[in-house]
Amino acid sequence: MNYISKIAVLGFTIFSLTACKDNRIDSAGINAENPETGHHEEDHISLTQSQAEDAGLTYGTFGQEEIKIPIETNGSIELPPNNMASISSLLDGFVVKINFLEGNVVKKGQVLVEMKDPAYVRLQQEYIGVYGRLNYLEQELERQQILNDADVGARKNLQQAQSEYSIKKAELAALKEQLNYAGISATEVENGKIQNRVYLRAPFGGTVTSVSAHSGEKVMSGQEIMQVINREHMHLELQLFQKDIPKVKKGQKVMFTIPAFEDSPVFEGEVSLVGRNLDLDSKTIRVHAHFKEDELLIPGLYTEAKIMQDSKKVRTLPTSAIVSDKGTSYFFIITETNGSEINFEKVAFEPGIKSTDYVQIKNYSKVQDTTAIVVKGAFTLKAVMNKSEGGHQD
């Protein structure tokens, strides 16, 4: 039994030695087939001059670009209160006809809605009655004045005539105002022309944005039938945080988009008014900006905007110098050149303004403005570094 165990142990030992030898041969073969592309430490890599040239690396330093740094804000498209009108009747009545639909353009004074109701006729009849009575009282007042001047009539009769005349005059004035509110001409009523319809007209030129009634419907006094807006003074109403108040002034350019639009175009505007009342809850003030008329823009749309500050020079690098890894942006610098070997270091930074050609370099570790930076071939260098990291992990 002991003899058999010794043979088994001896066999296992020989097998293990053979496997280790094969493994060393395989590793040597891999190294022979894949010569070292560069010495690598974390965030550092070394290449020979020849390897750097083959990778197409070129070098430079930080650039200085004059750009307008934006202040990001948001808000909505609004209209002044006087540019929105709710079309309604001051008297109850039935809708006879609606002359415009939603989206139609109207001119000032055009008839939007026609209405009728027996009450309109009764109002005009009442006006004519009071108007006639007032004419009589006026003549009676003149007669009593003559009698009083001649000491023929009693003074109390003159006083009574004056009182009745004043009361009817006030009553007529009130009825006349009611007719005006309804759009009925008091002068025509005085001439005996009674109309059984009331016409609601556009208070200004603009666009019909909604229609909320239909023909034959009974609408109450003050009930909205239609809404009309004038788009001429449409503007941006932006919310600006208190920290940015000193940076914004009238005349600055505003670039804004509509997030609700797929692939929203960029619209341009200009700051027209900076508010001076701080909202204590949101810690913001209102900023008004005007923009050019565009059919796509309608009141109520949510906007994201950038208010462009005055130009200033900032430190930049070309986009070809920038690489990203797990949400962090980097560029490569040369830390040392030792003979034919070049040592590179990956430096993290906070990007600022981006364009198709360059990226603003905001916060970064201590790198001198004269430091040599890889301005072209950064992606290749990153690939070499990733490959080296993979080799170490294996």
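Summary of the structure given here.

Scoring rules and cut-offs
- Residues numbered from 1 in each chain as written.
- Predicted model: local features only at pLDDT ≥ 70, side-chain atom pairs only at ≥ 80, totals over all residues.
- Heavy atoms only, no water.
- Helix = DSSP H or I, 4+ residues; strand = E, 2+ residues; numbered from the N terminus.
- Buried < 20%, exposed > 50% of the residue type's maximum accessible area, 1.4 Å probe, protein only.
- Contact = heavy atoms within 4.5 Å.
- Areas by Shrake-Rupley, 256 points an atom, 1.4 Å probe, with all protein chains shown as cover.
- Expected span 1.5 Å × (residues − 1).
- Phe/Tyr/Trp six-rings, centres within 6.5 Å; stacked < 30°, edge-to-face > 60°.
- Lys NZ or Arg CZ within 6 Å of the ring centre and 35° of its normal.
- Pairing = 2+ DSSP bridges.
- Salt bridge = Lys/Arg side-chain N within 4 Å of Asp/Glu carboxyl O.

1. Comments concerning the overall build of the protein
Looking only at helices and strands, one finds six helices and 22 strands in the protein. Counting across all 394 residues of the protein, residues that qualify as buried make up 33%. Sequence-distant contacts, at least 24 apart, represent 71% of the contacts inside the protein between residues at least 6 apart. Carbon and sulfur atoms make up 51% of the accessible area of the protein, which totals about 24,300 Å².

2. Observations concerning helix α4 (residues 155-182)
When the terminal C-alpha atoms of α4 are compared, their 41 Å separation across 28 residues agrees well with the 40 Å that a helix rising 1.5 Å per residue should span. Within α4, burial applies to Leu158, Ala161, Tyr165, Leu172, Leu175, Leu179 and Ala182. Gly183, located one to two residues past α4, shows a positive phi value of around 80°.

3. Digging into the packing of aromatic side chains
Scanning all chains against the criterion turns up six aromatic pairs. Ring centres of Tyr127 and Tyr131 lie 6.2 Å apart, and the angle between their planes is 10°; on these two criteria the pair is classed as stacked. One end of the pair is Tyr127 and the other is Tyr131, both in helix α3 (residues 118-149) and four residues apart, which spans about a single turn. Judged by its relative accessible area of 27%, Tyr131 is partly exposed. Considering the side-chain rings of Phe256 and Phe291, the 5.5 Å spacing of their centres and the 55° angle between planes classify their relative orientation as tilted. Of this pair, Phe256 sits in strand β14 (residues 253-257) while Phe291 sits in strand β16 (residues 284-291); the two residues are 35 residues apart in sequence, bridging distant segments of the chain. On the accessibility criterion, Phe291 (13% relative accessible area) is buried. Every member of this aromatic cluster is reached through a ring pair, and the members are Phe62, Phe331 and Phe349. One Lys or Arg, Arg315, reaches over the ring of Phe62 and ends 5.4 Å from the middle of that ring. Here the guanidinium or amino end of Lys346 rests over the ring plane of Tyr330, the centre of that ring lying 4.4 Å away.

4. Side note on unusual backbone geometry
Negative phi values dominate among residues other than glycine, just as trans dominates among peptide bonds. You will see that Asp263, though not glycine, has its phi angle at about 55°, which is positive. Checked against the element boundaries, Asp263 lands in the loop between β14 and β15 (267-274). Positive phi values are uncommon outside glycine, yet Lys326 reaches one of about 55°. Take Lys326: it is sitting in the loop between β18 (323-325) and β19 (328-338).

5. Some points on the sheet that holds strand β11 (residues 218-219)
Sheet architecture is open: four strands sit in the order β9-β8-β6-β11, paired in antiparallel fashion. Edge positions in the sheet fall to β9 (197-201) and β11, since each of these pairs with one other strand and no more. Both strand β6 (residues 93-98) and β11 contribute to a ladder of two bridges, which runs antiparallel. Following the sheet pairing, Phe94 is matched in β11 by Lys218.

6. Some thoughts on the sheet that holds strand β12 (residues 224-229)
In spatial order, the strands read β5-β12-β10-β7; together these four strands make up an open sheet with antiparallel pairing. Two strands in the sheet have a free side with no partner beyond their single neighbour: β5 (84-88) and β7 (105-106).

7. What to know about the pattern of salt bridges
For the coordinates displayed, the defined rule picks out ten salt bridges. The salt bridge involving Lys362 is made with Glu350; its shortest N-O contact spans 3.7 Å. You can see Lys362 sitting in strand β21 (residues 358-364) and its partner Glu350 sitting in strand β20 (residues 341-354), a full twelve residues away along the chain. Given a relative accessible area of 38%, Lys362 falls into the partly exposed group. Given a relative accessible area of 35%, Glu350 falls into the partly exposed group.

8. What to know about α3
A rise of 1.5 Å per residue sets the reference length of α3, with its 32 residues, at 46 Å; its end C-alpha atoms lie 47 Å apart and thus fit the reference within 8%. Buried residues in α3 make contact with β6, β8 (111-116), α4, α5 (186-190) and β9. Directly after α3, the chain includes Asp151, whose backbone phi takes a positive value near 55°.

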